[in-house]
Amino acid sequence: MEILSLLADGFGVALTPTNLFLAVVGCFLGTLMGALPGLGPANGVAILIPIAFSLGLDPTGSLILLVSVYYGAMYGGRISSILLNIPGDEPAMMTCLDGFPMAQQGKAGEALSLSGVASFVGAFVATCGLVLLAPQLVKIALLFGPAEYFVLFTVAFATLGGISSTNQAKSAFAAALGLGIAMIGSDSQTGSQRFTFDHVHLYDGIDFLIAIVGLFALSEVFIFLEHHRSNQGVAPKAATVGRIMPDFGMIKRCIPSMARGTGLGFFSGVLPGAGASLGSFLAYSLEKQAVDRDGKTFGKGDPRGVAAPEAGNNAASGGALVPMLALGVPGSGTTAVLLAVLLQLNITPGPLLFTKNPDIVWGLIAALFLANFILLAMNIPLVGIFTRVLMVPTRILMPIVAMISFVGIYSITGSSFDVMLMVGFGIAGWVLRKLDVSLVPVILGILLGNQMEVNLRRAMTISDGDWFILVGSPLAIILWMIAIAGFVLPMMMGRRMKKRMESMRDTEEFVGD
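Residues numbered from 1 in each chain as written. Predicted model: local features only at pLDDT ≥ 70, side-chain atom pairs only at ≥ 80, totals over all residues. Heavy atoms only, no water.

Novice: Would you mind going over the overall build of the chain with me for this structure?
Specialist: Along the backbone of the chain there are 21 helices and 2 strands. Put simply, 81% of the contacts in the chain that link residues at least 6 apart link residues at least 24 apart. (Helix = DSSP H or I, 4+ residues; strand = E, 2+ residues; numbered from the N terminus. Contact = heavy atoms within 4.5 Å.)

Novice: Explain the pattern of salt bridges here, please?
Specialist: Side chains carrying opposite charge are able to pair once their charged atoms draw close together. As enumerated under the stated definition, the model contains 4 salt bridges in all. The partner of arginine 260 in a salt bridge is glutamate 287, and the shortest N-O contact between them spans 2.7 Å. Taken together, the residues arginine 260 in helix α10 (residues 248-270) and glutamate 287 in helix α11 (residues 275-291) connect sequence positions 27 residues apart. Judged by its relative accessible area of 32%, arginine 260 is partly exposed. Linked by salt bridges that have partners in common, Arg194, Glu453 and Arg457 make up one network. (Salt bridge = Lys/Arg side-chain N within 4 Å of Asp/Glu carboxyl O. Buried < 20%, exposed > 50% of the residue type's maximum accessible area, 1.4 Å probe, protein only.)

Novice: What is the right way to look at the packing of aromatic side chains in this model?
Specialist: Aromatic rings considered in pairs are described by the distance between their centres and by the relative angle of their planes. Per the counting criterion, the structure on display carries 8 aromatic pairs. A centroid spacing of 5.6 Å and a plane angle of 25 degrees characterise the contact between phenylalanine 120 and phenylalanine 124, whose relative ring orientation is stacked. In this pair, phenylalanine 120 and phenylalanine 124 are both assigned in helix α6 (residues 108-141), 4 residues apart and thus about one turn of the helix distant. A relative accessible area of 15% places phenylalanine 120 in the buried class. According to the relative accessible area criterion, phenylalanine 124 is partly exposed, its value standing at 26%. Centre to centre, the rings of tyrosine 149 and phenylalanine 153 are 6.3 Å apart; their planes meet at 40 degrees, and the pair counts as tilted. In this pair, tyrosine 149 and phenylalanine 153 are both assigned in helix α7 (residues 146-159), 4 residues apart and thus about one turn of the helix distant. Of the residues examined, tyrosine 149 reaches a relative accessible area of 18% and is grouped as buried. Each member of the aromatic cluster is reached from another via a ring pair, and the members are Phe11, Phe120, Phe124, Phe369 and Phe373. (Phe/Tyr/Trp six-rings, centres within 6.5 Å; stacked < 30°, edge-to-face > 60°.)

Novice: Where do I start with the nonpolar core in this structure?
Specialist: Nonpolar side chains tend to gather and get buried jointly when the protein is soluble and globular. With 124 residues, the main nonpolar core has Ile49, Phe216, Leu325 and Phe425 as its most contacted residues. Counting residues per element, this core draws most heavily on helix α16 (residues 358-379), which supplies 14 residues. Among all residues touching leucine 325, those that are not within four sequence positions of it are Leu130, Leu342, Pro349, Gly350, Leu353, Phe354, Val361 and Leu364. By size, the runner-up hydrophobic cluster in this structure holds 21 residues, among which are Leu114, Ala118, Cys254 and Ala311. (Core = buried A, V, L, I, M, F, W, Y, C linked by side-chain atoms within 4.5 Å.)

Novice: Help me understand a nonpolar patch on the surface, please; the structure alone is not making it clear to me.
Specialist: On the surface, a nonpolar cluster with roughly 440 Å² of combined accessible area is contributed by Ile396, Ile400, Met403, Phe406 and Val407. Tracing the chain through its elements places isoleucine 400 in helix α18 (residues 394-413). Relative accessible area serves as the criterion here: at 40%, isoleucine 400 is assigned to the partly exposed category. (Patch = residues over 30% accessible without salt bridge, like charges linked within 9 Å, V, L, I, M, F, W, Y side chains within 5 Å. Areas by Shrake-Rupley, 256 points an atom, 1.4 Å probe, with all protein chains shown as cover.)

Novice: Before we go on, may I ask you to explain unusual backbone geometry in this structure?
Specialist: Despite not being glycine, aspartate 436 shows a phi value in the positive range, around 60 degrees. For aspartate 464, which is not a glycine, the phi torsion comes out positive at approximately 60 degrees. Inspection of the secondary structure puts aspartate 464 in the loop between α20 (440-462) and α21 (474-512). What makes aspartate 464 exposed here is its relative accessible area of 73%.

Novice: When you look at the packing of α6 against helix α12 (residues 304-319) in this model, what are you seeing that I'm missing?
Specialist: A packed helix pair is summarised by two numbers, namely the angle formed by the two axes and the spacing between the axes. Following both chains from N to C, one finds α6 and α12 inclined at 35 degrees, their axes separated by 7 Å at the closest point. As for the relative orientation of α6 and α12, their crossing is right-handed in sense. In this structure, α6 contributes Ala111, Ser115, Ala118, Ser119, Gly122, Ala123 and Ala126 to the contact, and α12 contributes Val306, Ala307, Glu310, Ala311, Asn314, Ala315, Gly318 and Gly319. (Axes fitted to C-alpha atoms, helices over the stretch in contact; angles between N-to-C directions. Left-handed = near helix turned anticlockwise from the far one by under 90°.)

Novice: Please clarify how the environment of proline 349 should be interpreted in this entry.
Specialist: Relative to the helices and strands, proline 349 resides in the loop between α14 (333-344) and α15 (353-356). What makes proline 349 buried here is its relative accessible area of 10%. Residues proline 349 and valine 361 lie 12 residues apart in sequence; the distance between their C-alpha atoms is 9.4 Å. Setting aside residues up to four positions removed in sequence, proline 349 forms contacts with Met324, Leu325, Gly328, Leu339, Leu342 and Leu343.

Novice: What's the story with the confidence of the model for the chain in this structure? I'm lost.
Specialist: Detailed reading of the predicted coordinates is not advisable wherever pLDDT falls low. Of all residues in the chain, 84% attain a pLDDT of 70 or more, and the chain-wide mean is 79. The model gives residues 233-238 a pLDDT under 50, and that stretch makes 15 contacts with residues more than four places away or in other chains. In this model, residues 508-513 is a region of pLDDT below 50 whose contacts with residues beyond four sequence positions or in other chains number 10 contacts. (pLDDT = per-residue confidence, 0-100.)

Novice: Got a minute to help me understand helix α3 (residues 40-54) in this structure?
Specialist: Along an α-helix, residues three or four positions apart point the same way, because every turn accommodates 3.6 residues. The terminal C-alpha atoms of α3, which comprises 15 residues, lie 23 Å apart, in line with the 21 Å expected from a rise of 1.5 Å per residue. At leucine 48, α3 shows its largest kink, close to 35 degrees, and the proline proline 50 lies no more than four residues downstream. Looking at the residues trailing α3, positive phi occurs at glycine 56, about 75 degrees. (Expected span 1.5 Å × (residues − 1). Bend = angle between axes of the 7 residues up to and from the residue.)

Shown next, in the form of structure tokens:
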């Protein structure tokens, strides 16, 4: 009953006219950004961070706007997957397998609407899971001491490469780079300057937002400049949507698929580093084994092949918020960006968040419920509008992204040095993407580096320099086991899983040809 009372208070916060308007705007913009191949939810949230801060919104309003963008981008990723066979982001790859064949059969509208319903089911159930699971995880987190928190941060870095990663060395390098950047500035214990090179602008360290906007948003602009995609939009011509609403029989046949996909997706999202890609892949693979072992319908336009992965990846997006809010450890790349937003607002995620800032956290959770209904109501009637964004030339989109980045960061910091630093991060992000190095571990290193160092020093002080305190409790030992497994498993299974995902898509493309 206490949870229901807190959730009711959260709806009282989320249902104010301003916050409701921000949720609608966030859902609309997120869907547009999700529809554009390559941007995805992490880039979408990063691009809009400067707007959220420059508008002078309160913390709750800023979070509602950006989380609505997050959910909207997860919904929107299916649009280019179904219409063009081009995934909006990696989790949407599995939607291509049956979504595009449905579009070729003249059922694009039905596929888009069905994926919208599946996305709603997955995200709604995951948000319910967040309500039930996060407070329980908070109670466990209260058992954590400095040593356990240090190991928990180690778990985040060890698993951040993701279960589908094939090169953990690059993930480790990216994490080390992020930790190195986090050390710039004043030493938290002694006050001495580290790696500032006597430059006064670096005495306070590097702002999270500058790094995030540079690495994600500006690097996307540099990638565009490199490939000179100036005259064409994503789609060479308007895609035919056809009939919008699927019949009731199709939806009824897909309900078990949505249920199985939602369960697998939520579990994948709660695991740090696994994320929506794993949820989408597992949901599609399990569904294929459950209903089409002979391969007679999957890959040829089976609606269940659309419903399962869409429910899976949207459930994973909600599940990834559980460890971020309860433990302060992001479960995916986008939640790492949202973690930076919380820290910038002087809100520390973790066990005390639910007691110190209940209005913010429960208002945010209530906004997630509202965002699901807004997206369901918005995505089906406005499918035609969202598909037209695929025709906008990138020569128009990318200057807008650059303008938002420059104006937004300057309005927040008022420093031309910070703008130049953002450009430097943009160039670094472009180089790292060229080398196929994930940007998310860099961001996590910048975000968690100081807290990781502080907790290690506290643990060493408590134990009088005895390193065995890091394995001195059953909880710490369990966390070390999870960290080792999270780092080793991708090297053993990641390549095989990646090949299976690609082979599934190659088979579908061959059948389509």
